[in-house]
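Observations on chain architecture
As a plain string of letters, each chain reads:
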Amino acid sequence: MITEYQQKLRERLLAAPVVPAPAPWRPVLDRRTPIGGLLGIGFAMHPDSGRDLVMVVSVDGHGLFDAVTGEKIARDRDPDAPDDLTHPGLGPVAGQPVSIAGLFGGGLHSGSGDGWTVTAVSPDWPHDRVILSTAGGFHQGEPGTTWWHILHSTYAELRAVGFSPSGRTLAVATSADLTMWTRE
């Protein structure tokens, strides 16, 4: 049994179409980056440029991506896999611990630090929707004004959703792919 308020909220979320993220956000690539067997992701910062990096942990190893261009900059097909939620970095962040969120727990930032928030909702479970919002979130305002339904996963399990510590990158990881947005 759900309340009348919950039913109206569910209907509101179900009716919202998938739309591009609003300015200043832009997609890192034109499409999702396929990564089969994705287990989790984490963020690091490039020691020279200060750009956000995304580390992907999958059943086939670890990969490190530039969060502005989407370029894969490092790969380890046979990493030492610790039993906790911190994995050793690779490439330009080799030796630095990277916190991972995904299938085995952990979490990413749900807020950017300057008013943007991201929420995963499942009004038609087991399918997940990712809502990017500002100024009060999806509980108020109309879709496309204060909140945007930016991703609808009907094909794979959601693993992690969140912002980088800098707030300049937003990432959504499913068991099948990685989708990123960035801003200046």
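Below you will find a few notes about this structure. (Residues numbered from 1 in each chain as written. Predicted model: local features only at pLDDT ≥ 70, side-chain atom pairs only at ≥ 80, totals over all residues. Heavy atoms only, no water.)

One open sheet holds the five strands; their spatial order is β6-β5-β4-β3-β9, and the pairing between them is antiparallel. Two strands bound the open sheet, and with one partner strand each, they are β6 (72–76) and β9 (101–102). By the bridge criterion, two bridges tie strand β3 (residues 38–45) to β9 in an arrangement that is antiparallel. In the strand pairing of β9, Gly40 is matched with Gly102. (Pairing = 2+ DSSP bridges. Helix = DSSP H or I, 4+ residues; strand = E, 2+ residues; numbered from the N terminus.)

A full pass over the atoms with the stated rule returns one cavity of 30 Å³ or more. As a volume, the largest cavity reaches approximately 40 Å³. Lining the largest cavity, in full, are Val28, Leu29, Arg31, Thr33, Leu178, Thr179 and Met180. The greatest single-element share of the lining of the largest cavity, amounting to three residues, is contributed by strand β15 (residues 177–182). A per-class count over the lining of the largest cavity returns four nonpolar, two polar and one charged. (1 Å grid on protein atoms, 1.4 Å probe; cavity = no way out; pocket = protein on both sides within 12 Å on 5 of 7 lines; lining within 4 Å. Points joined across faces, edges and corners; volume = space filled by probe spheres on them. Nonpolar A, V, L, I, M, F, W, Y, C, P; charged D, E, K, R; others polar.)

Regular strands place their side chains on alternate faces of the sheet. Most of strand β12 (residues 147–153) sits out of view: seven of its seven residues are buried. Sheet topology places strand β11 (residues 127–133) next to β12; six bridges connect them, and they run antiparallel. Residue pairing in the sheet places Leu132 in a bridge with Trp148 of β12. (Buried < 20%, exposed > 50% of the residue type's maximum accessible area, 1.4 Å probe, protein only.)

Right, let's get into the pattern of salt bridges. Scanning all chains against the criterion turns up six salt bridges. Between Arg168 and Asp52 there is a salt bridge, with its nearest N and O atoms 3.8 Å apart. One end of the pair, Arg168, is in the loop between β13 (158–163) and β14 (169–174); the other, Asp52, is in strand β4 (residues 52–58), and 116 residues separate them in sequence. Residues Glu157 and Arg159 are paired through a salt bridge, measuring 2.9 Å at the closest nitrogen-oxygen approach. (Salt bridge = Lys/Arg side-chain N within 4 Å of Asp/Glu carboxyl O.)

On to the nonpolar core. The tendency in soluble globular proteins is for nonpolar side chains to be buried side by side. Grouped together as the largest cluster of nonpolar side chains are 16 residues, with contacts concentrated most on Leu38, Ile41, Val54, Val56, Leu178 and Met180. Going through the elements one at a time, β3, β4, β14 and β15 are the ones with two or more residues in this core. Top element by residues in this core is β3. It accounts for three residues. In contact with Val56, other than residues within four places in its own chain, are Ile35, Leu38, Gly40, Ile41, Gly61, His62, Gly63, Phe65 and Leu178. Of all hydrophobic cores here, the second largest spans 14 residues; its members include Trp116, Val118, Leu132 and Val161. (Core = buried A, V, L, I, M, F, W, Y, C linked by side-chain atoms within 4.5 Å. Contact = heavy atoms within 4.5 Å.)

On to the environment of Arg159. Tracing the sequence through the fold places Arg159 in strand β13. Taking the C-alpha atoms as reference, Arg159 lies 9.7 Å from Leu178; in sequence the two are 19 residues apart. Looking at Arg159, its side chain comes within polar contact range of the side chain of Glu157, at 2.9 Å. (Polar contact = N/O pair within 3.5 Å; in protein donor to acceptor, adjacent residues only side chain to side chain.)

Before going further, it helps to spend a moment on the environment of Gly37. Tracing the chain through its elements places Gly37 in the loop between β2 (33–34) and β3. In the structure, Gly37 is positioned 139 residues away from Ala176 in sequence and 6.1 Å away in space, judged by C-alpha atoms. Residues contacting Gly37, with those up to four places away along its chain left out, are Ser58, Val59 and Ser175.

Using the criterion set out here, one finds three aromatic pairs in the structure. With a centroid separation of 5.8 Å and an interplanar angle of 45°, the aromatic rings of Trp116 and Trp148 are classed as tilted. Placement of the pair is Trp116 in the loop between β9 and β10 (117–124) and Trp148 in strand β12, with a sequence separation of 32 residues. (Phe/Tyr/Trp six-rings, centres within 6.5 Å; stacked < 30°, edge-to-face > 60°.)

Before going further, it helps to examine a nonpolar patch on the surface. A cluster of nonpolar residues, Leu85, Leu103 and Phe104, forms a patch on the protein surface that exposes about 300 Å² of accessible area. Within the fold, Phe104 resides in the loop between β9 and β10. (Patch = residues over 30% accessible without salt bridge, like charges linked within 9 Å, V, L, I, M, F, W, Y side chains within 5 Å. Areas by Shrake-Rupley, 256 points an atom, 1.4 Å probe, with all protein chains shown as cover.)

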